[in-house]
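These are the residues of each chain, in order.
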Amino acid sequence: MAKLTVRADNSSLCYFPHYGNHKVSIFNSSLRPQRLNLLAQKHILKFRVSCSITERQKEEAAEKQRIVKGLKVNGELGKNGGLISTTGDELGAGYGDKEDGFEWSWPPWKNLPQRYKLIGTTSLAFVICNMDKVNLSVAIIPMSHQFGWNSSVAGLVQSSFFWGYALSQLPGGWLSKIFGGSRVLEVGVLVWSLATMLVPYLAGFMPALIFSRILVGIGEGVSPSAATDLIARTIPLEERSRAVSFVFGGLSFGSVIGLLLAPPLIQNYGWESVFYLFGFLGIAWFSGFQLVKEDQPWSFTEPMSWPPSFSRNKLLGSSLGELGTSLKDVPWKAFFRSKAVWAMIYTHFCGSWGHYTCLSWLPTYFSEELNLNLTEAAWVSVGPPLASILVTSIASQFADSLISKGVDTSLVRKICQTIAFLSPAACMILSSLDFGLPPWEVVTILTGGLALSSFALSGLYCTHQDISPEYASILLGITNTVGAVPGIVGVALTGYLLDSTHSWSISLFAPSIFFYLTGTIVWLTFASSKPQSFSEGD
């Protein structure tokens, strides 16, 4: 809170006592520039205004200074004494002296703490990320008709995304560790957005089209590690569950927006419009993110101290050889000697199997097994990601509340991840058994189970930052690389089993149930959020 200390140069002015014997008056200021009207006086008065800023946290000092940036009131009583203006002076005791002046700022969120702006823009990037991921799943139908693609070719085009996604996980984690998550994220968004806009031009030439989708996968593949690094650097432990849930919850919101916007856009403007519009949104985000980064120097968003070998200023000017040396400095052996890391790897694989297979095959299941028409199947497919948005907010509040009350972090992560796995497993068991349930009850059960799997954002996805904020992005790169395999293998295997057995219970639900249950056992047995140094000597 700013304190205005008013002192008169003329002894004729009376004073007001303040907390003791100081002959000054203290007014609470709302930090708005004001001109004070008093009755005309014969005496010439001069006032000095000093601002005292109380730092609540070190990281908010810069924001406080911008809010009071130069509270400055200059002047004198007019010749006839009417208006009082004051001469600005110094910042209050204990914080140095500085003369400033207040300025209104725009946009309204400019004065938000920098970490909130970074988290907000990162979540928006993830919204656009999944919009560009699901657009092809809708556009592939008219594209197949136009270019005469069969199901095998269409499947090849869609799976090519996961090739790039899997290949970019570890490089994305390493680059985020070296250059910082915000830098890698903005490059990733720009790459996948440009590649998305190129799809209409390359659709007639299959190798080029596949390459463009690989680029989309590469751009989106580095983003989770970049976001994890950014969160680890900027967000304290007691806010981390909410930050992770808010950022990665953007994926669910992006799926909903993409699935809702794509059909009317294709119907009215052609399938090309989806790629143009969604790609343009990514480029617009890239431009806006530059403004957010410029609001605050990097040191504000990097509160942790990092080893000298990973100094940002040094590495930015390093040669490729030095960057290769820094890659060797990563304690890879220590990672793979850790039981907690292996638990994260297997758990990530299990969660991805259920997620990717359901994302790809549920619309077909709704249409063929439950006899819903295409319109109904499309709307029903929006249900799980839409419900996940609500569940994500509940899960993050639940986890952070337990941690703030002193509950062990490892226990909180285990509880959340167990809910994330057992809920969809139970719902899939109910759906696969022949209880004679009507279609909409089956849809409701599956939607609820898949929505509850979002508890993983407060479980597995927080553990990387918990055990090692320094290597969080690399750890997520490792687990996400393995987690991308079901997108390549699981989706194809589901189709093969469906052709062989003609049973949705065996082809879609049984493998997912198996991985959910075994993943829960491994997680409860070996997972830990205890910080680890990962030094090679451990």
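Bear in mind the structure is a predicted one, so any value in this text is a computation, not a measurement. (Residues numbered from 1 in each chain as written. Predicted model: local features only at pLDDT ≥ 70, side-chain atom pairs only at ≥ 80, totals over all residues. Heavy atoms only, no water.)

**Topic: helix α12 (residues 339-368)**
Okay, so step 1: For α12, with 30 residues, the first-to-last C-alpha span of 42 Å sits near the 44 Å given by 1.5 Å per residue.
Okay, so step 2: Of all the bends in α12, the greatest, near 50°, is centred on Trp361, and the proline Pro363 appears no more than four residues after it.
Okay, so step 3: Capping the start of α12, Ser338 holds a side-chain oxygen 3.3 Å from the backbone nitrogen of Ala340, two or three residues further along. (Helix = DSSP H or I, 4+ residues; strand = E, 2+ residues; numbered from the N terminus. Expected span 1.5 Å × (residues − 1). Bend = angle between axes of the 7 residues up to and from the residue. Polar contact = N/O pair within 3.5 Å; in protein donor to acceptor, adjacent residues only side chain to side chain.)

**Notes on the side chain of Ser123**
Okay, so step 1: In this fold, Ser123 is placed in helix α2 (residues 114-147).
Okay, so step 2: Here Ser123 is in contact with Phe246, Val247 and Gly250, once residues within four sequence places are set aside. (Contact = heavy atoms within 4.5 Å.)

**Considering the packing of α12 against helix α16 (residues 460-467)**
Okay, so step 1: Put simply, α12 and α16 touch, their axes get as near as 10 Å, and they point 155° apart. What the angle tells us is that α12 and α16 run roughly antiparallel. Taken as a pair, α12 and α16 cross one another with a handedness that is left-handed. On the side of α12, the interface is formed by Val341, Met344, Thr347 and His348, while α16 contributes Leu460, Tyr461, Thr463, His464 and Ile467.
Okay, so step 2: In the contact of α12 with α16, the residues fall into 5 nonpolar, 4 polar and no charged. (Axes fitted to C-alpha atoms, helices over the stretch in contact; angles between N-to-C directions. Parallel < 35°, antiparallel > 145°, perpendicular 65-115°, else oblique. Left-handed = near helix turned anticlockwise from the far one by under 90°. Nonpolar A, V, L, I, M, F, W, Y, C, P; charged D, E, K, R; others polar.)

**So, the UniProt feature "transmembrane region" (unreviewed entry) in the protein chain**
Okay, so step 1: The positions UniProt marks with the feature "transmembrane region" (unreviewed entry) are residues 187-211, 243-262, 274-292, 341-362, 382-403, 442-462, 474-498 and 504-526.
Okay, so step 2: Across residues 274-292 one finds 100% helix and 0% strand; the C-alpha atoms that close the span lie 27 Å apart.
Okay, so step 3: With 100% helix and 0% strand, residues 341-362 has its two end C-alpha atoms placed 31 Å apart. (UniProt positions renumbered as here; feature names shortened; annotations may be inferred.)

**Concerning the confidence of the model for the protein chain**
Low pLDDT means the predicted atomic positions in that stretch should not be read closely.
Okay, so step 1: Averaged over every residue, the pLDDT of the protein chain is 75; residues scoring 70 or more account for 70%.
Okay, so step 2: Per-element averaging of pLDDT across the protein chain places strand β2 (residues 25-28) at the bottom with 40 and helix α19 (residues 504-526) at the top with 95.
Okay, so step 3: Every residue in residues 67-102 is under pLDDT 50, and counting partners more than four places away or in other chains gives 91 contacts.
Okay, so step 4: Confidence drops under pLDDT 50 across residues 296-316; counting only partners more than four residues distant or on other chains, this segment forms 47 contacts. (pLDDT = per-residue confidence, 0-100.)

**Focus on the pattern of salt bridges**
Okay, so step 1: In the structure shown here, the tally under the stated rule is 2 salt bridges.
Okay, so step 2: A salt bridge links Asp400 to Arg242; its shortest N-O distance comes to 2.7 Å. Of this pair, Asp400 sits in helix α13 (residues 374-404) while Arg242 sits in helix α7 (residues 237-269); the two residues are 158 residues apart in sequence, bridging distant segments of the chain.
Okay, so step 3: Under the relative-accessibility criterion, Asp400 is labelled buried at 3%.
Okay, so step 4: Two residues, Asp466 and Arg413, come together in a salt bridge whose shortest N-O distance is 2.7 Å. With a gap of 53 residues between them, Asp466 in helix α16 and Arg413 in helix α14 (residues 409-432) connect regions that are remote in the sequence. Taken as a pair, Asp466 and Arg413 share a single burial class, namely buried. (Salt bridge = Lys/Arg side-chain N within 4 Å of Asp/Glu carboxyl O. Buried < 20%, exposed > 50% of the residue type's maximum accessible area, 1.4 Å probe, protein only.)

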